[in-house]
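Structure assessment
Residues per chain are reported as follows:
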Amino acid sequence: MSLRFQAPKGTRDLLPPDTAIWAAVEAAARRVFARYGYGEIRTPIFEETELFARGVGESSDIVGKEMYSFTDRGGRSVTLRPENTASVCRAYLEHGMQSLPKPVRLFYVGPQFRYERPQKGRYRQFHQVGAELIGGKGAESDVEILLMLVAFLGELGFGDLKVLVNTVGDAESRSAYKEKLKTYLLPLKERLSEDSRRRLETNPLRILDSKSPEEQEIVAAAPRLADFLTDASRRHFAAVLSSMEAFGLSFVVEPRLVRGLDYYTNTVFEIVSEGLGAQNAICGGGAYEGLIEELGGAPTYGVGFAIGEDRLLEVLPAHSPARAAAQAIRPVLVAWAGGQLPEDASPSSPTFDLAEELRRQGIAAVDAGGRTGKALYAYADQLASPCLAFVGEEELAAGTVRLRDTATREEQTLERQAAIARLRPAPTEPR
Ligand code: HAM
């Protein structure tokens, strides 16, 4: 049978039991971000197109060729959000947050949309977990954001991720450097790709992170941004690095890291994971000193990150506590152990009764509804049940329940209340 409808290209349905892991990852984010004093913000899924054109920048690939923009019935040009930083800064200004005690700490979880060529780890609707620290002091803000990011990834069980950091300097450093870079690249124009030739005019810095081997060779001999930093930018970066060292964050300075959005100034960073292939960045972020001003506010220091949740889930360690947390909410499957079902006036069966008793005690449970043998175990697989609880004629007479661990296949028969106590999940430690 060929399907009449499928999810649109580059999008996908997330289904159980995977969605339980997504929820556990998001719960970990909420827990860690709350510990750092961040509150959740939920902005609209679409915004006025102009917000992204100004915020993310006309020269970025996102604005140039990846936005889902359309004209609504009222004739307005709107765009499905390709990222959330511009929206958060718009909301910051719209709600007068600039007059709140500073800095303002916000986080978000949700879908973003980019019209990119779909491939492994790259979707047209993808999901980000991100945070923004607005109105703080430079280097100190950068380090707080990095510490929180690493704390979150640590909570998920990642042990060995390296943060790649660089500085793209302040506006003054960059305009001096851009000129030098252009002068160096112009005579080599013929060897550059069409994209890079266009960037030569719009944002030559982006050529630095080209993936083509020929261009990498050209870039290797190019003047270095580090040699054009103003004293203020140099001091800022040195302060960030020494503070990262002091807090034991492991990082590598990557001089070619420039990031694809136009709003960045000074510190930029990425986290990559080897397990992902070409689309290997799980997280990107950095500081933006001009964005709020670009959107009509006063000059304000901002810094933040966004983690690609789809990619994060792809490389989530096998031992991640998020997997265990997801496992803990999988239902016990309550099955009939055989024999004559008791004649009863009640419409519910003994397995239905036990399943509801478990649920009232806070234990996830599902009635197997008379399934036995292969059908029963297939159902347990589908629900990813950690355990089967059998009641039958014998058990009912003796007031017991037989428990079977689905992984180890070990069985034990316990008195009914003792069995319920055994199934109760361990209370989670407050952190
Ligand atoms: P970004 O680097 O464009 O930064 O995206 C952040 C992360 O989102 C990437 O590292 C990647 O994991 C994920 N991502 C991006 N595009 C896709 C896609 N098509 N499919 C799957 N995952 C994707 C930002 O969005 C900035 N707003 C980050 C930021 C916050 N900077 C300051 N504050």
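Preceding this section is the structure that the text describes.
The structure reproduced in this document is the subject of the present report. For clarity, every value in this text was computed on a predicted model and none was experimentally measured. (Residues numbered from 1 in each chain as written. Predicted model: local features only at pLDDT ≥ 70, side-chain atom pairs only at ≥ 80, totals over all residues. Heavy atoms only, no water.)

**Description of the packing of helix α13 (residues 350–360) against helix α16 (residues 416–423)**
What counts is decided by this rule: For every element, the axis is a line fit to its C-alpha atoms; helices are fit only across the contacting stretch, and the angle between N-to-C directions ranges from 0 to 180 degrees. Secondary structure counts use DSSP, requiring at least four H or I residues in a row for a helix and at least two E residues in a row for a strand, with both numbered from the N terminus. To sort the angles, those under 35 degrees are grouped as roughly parallel, those over 145 as roughly antiparallel, those from 65 to 115 as roughly perpendicular, and the leftovers as oblique. Should the near helix be turned anticlockwise from the far one by less than a right angle, the crossing is left-handed, and should it be turned clockwise, the crossing is right-handed. Should any heavy atoms of two residues lie within 4.5 Å, those residues are considered in contact. Classification used: nonpolar for Ala, Val, Leu, Ile, Met, Phe, Trp, Tyr, Cys and Pro, charged for Asp, Glu, Lys and Arg, polar for all others including Gly.
Between α13 and α16, the least distance of the axes is 10 Å, while the angle of their chain directions is 50°. Of the possible angle classes, the one that applies to α13 and α16 is oblique. Considering how the two elements wind past one another, α13 and α16 form a crossing that is right-handed. Where α13 approaches α16, its residues Leu354, Glu357 and Leu358 are matched on the opposing element by Arg416, Gln417, Ile420 and Leu423. Of the residues belonging to the contact of α13 with α16, the class tally is four nonpolar, one polar and two charged.

**Brief notes about the pattern of salt bridges**
Quick reminder of the rule: Note on definitions: salt bridges are taken to be side-chain nitrogens of Lys or Arg within 4 Å of carboxyl oxygens of Asp or Glu.
Scanning all chains against the criterion turns up 27 salt bridges. Across the pair Glu270 and Arg259 runs a salt bridge, and its minimum N-O distance is 3.0 Å. One end of the pair, Glu270, is in strand β9 (residues 265–272); the other, Arg259, is in the loop between β8 (251–253) and β9, and 11 residues separate them in sequence.

**Brief notes about helix α7 (residues 194–202)**
Here is the rule we go by: Using a 1.4 Å probe on the protein chains alone, a residue whose accessible area is under 20% of its type maximum counts as buried, one over 50% counts as exposed, and one in between counts as partly exposed. An arc is given here, and it is the one of the directions from the helix axis to the C-beta atoms.
When α7 is considered as a whole, its buried residues turn out to be Ser196, Arg199 and Leu200. Along the long axis of α7, the arc covered by the buried residues comes to 115°, so they all point the same way. Across from the buried face of α7, at angles greater than 90 degrees, the exposed residues are Glu194 and Glu201. The secondary structure elements touched by the buried residues of α7 are α3 (61–66), α6 (171–185) and α8 (213–220).

**Considerations on the pairing of strand β7 (residues 163–167)**
Quick reminder of the rule: Here, any two strands with at least 2 DSSP bridges between them count as paired.
Burial analysis of β7 places five of its five residues in the buried class, the great majority of the element. Here β7 shows no split at all, with Val163, Val165 and Thr167 on one side and Leu164 and Asn166 on the other all buried. As paired elements, β7 and β8 share three bridges and run parallel to each other. Bridge pairing in β8 places Val163 opposite Phe251. Of the strand pairs in this sheet, β7 and β9 are connected by five bridges, and their pairing is antiparallel. The residue bridging Val163 from the neighbouring strand is Ile271, located in β9.

**Some words on unusual backbone geometry**
The peptide bond linking Pro16 to Pro17 adopts the cis configuration, its omega dihedral lying at 5°. Relative to the helices and strands, Pro17 resides in the segment before α1 (18–35). Following Lys102, the chain continues into Pro103 via a peptide bond in cis, with omega recorded as 0°. By the secondary structure assignment, Pro103 is in the loop between α4 (85–94) and β5 (104–113). Unusually for a residue other than glycine, Arg259 sits at a positive phi of about 70°.

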